[in-house]
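Observations on the model geometry
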Amino acid sequence: MVNDGNASFVLPRGATGFFWPKEGPLPKTDLRAFRTALYAAARGAGGKVGEVEEHPYPRTFHTASVVGGAGESIVLCHAHHPWIAFAQTRRNWYGEEFLAPPPWAHAFTDAGFDVLSSELLATPLSDVDTSVLGPGEWREVRFYGITTLGGVLFNAWD
């Protein structure tokens, strides 16, 4: 379901990409499902799939693109939760540089992903349930000056 930005967001374990070995490994987003949805989205856009890059450590997301008549759209897929976001350019981390989902984003929701709106991703951390974040995660948030939900979800901590 596409999030309209008005709902409260609760960060689950793994949202930042950090984990503690005693808690077990983080969930992984199904890359095959992401690629399948990506090709469906490209067909819906009347275009083709561009470069797909699996997340290199320490990045918390995979990056892909759909190239169509309107140009290239950058698609971000969280590595640990089935969240999709859109951006103008490829980067190693994001703060508030997210775009509204294009009309063909329903291909991701049809495949079971949550398409996050640019408004939701711009939500200040003070308006997000961050109770799951540990001291190490907060240290990174403060060090990098992250102030938004999108900055926490789509990052490359080191």
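Since the model is a prediction, treat every value here as computed from it, not as a measurement.

1. A few points about the side chain of Thr29
- The residue Thr29 is located in the segment before α1 (31-44) in this model.
- At 3.0 Å, the side chain of Thr29 and the backbone oxygen of His81 are in polar contact.

2. A closer look at the confidence of the model for the protein
- In the predicted model, the protein carries a mean pLDDT of 90, and the fraction of residues at 70 or more is 95%.
- Taken together, the stretch residues 1-7 has pLDDT below 50 and engages in 15 contacts with residues farther than four places along the chain or on a different chain.

3. Let's talk about the environment of His81
- You can see His81 is positioned in the loop between β3 (71-78) and β4 (83-87).
- The spacing of His81 and Trp93 is twelve residues in sequence and 17 Å in space, taken between C-alpha atoms.
- Look past the residues within four positions of His81 in its chain and what remains in contact with it is Pro12, Arg13, Gly14, Ala15, Pro27 and Thr29.
- Polar side-chain contacts of His81 include one of 2.8 Å to the backbone oxygen of Arg13.

4. Looking at the packing of aromatic side chains
- Tallied over the full model, the rule gives 13 aromatic pairs.
- Judged by centre distance (5.7 Å) and plane angle (55°), the rings of Phe98 and Phe154 are tilted. Of this pair, Phe98 sits in strand β5 (residues 98-99) while Phe154 sits in the segment after α5 (149-153), placing them 56 residues apart in sequence.
- A relative accessible area of 0% places Phe154 in the buried class.
- A ring pair is formed by Phe108 and Phe113, whose centres lie 6.4 Å apart and whose planes are at 85°; its orientation type is edge-to-face.
- One aromatic cluster is present, formed by Phe34, Phe86, Trp104, Phe108 and Phe113 through successive ring pairs.

Basis of the calculations
- Residues numbered from 1 in each chain as written.
- Predicted model: local features only at pLDDT ≥ 70, side-chain atom pairs only at ≥ 80, totals over all residues.
- Heavy atoms only, no water.
- Helix = DSSP H or I, 4+ residues; strand = E, 2+ residues; numbered from the N terminus.
- Polar contact = N/O pair within 3.5 Å; in protein donor to acceptor, adjacent residues only side chain to side chain.
- pLDDT = per-residue confidence, 0-100.
- Contact = heavy atoms within 4.5 Å.
- Phe/Tyr/Trp six-rings, centres within 6.5 Å; stacked < 30°, edge-to-face > 60°.
- Buried < 20%, exposed > 50% of the residue type's maximum accessible area, 1.4 Å probe, protein only.

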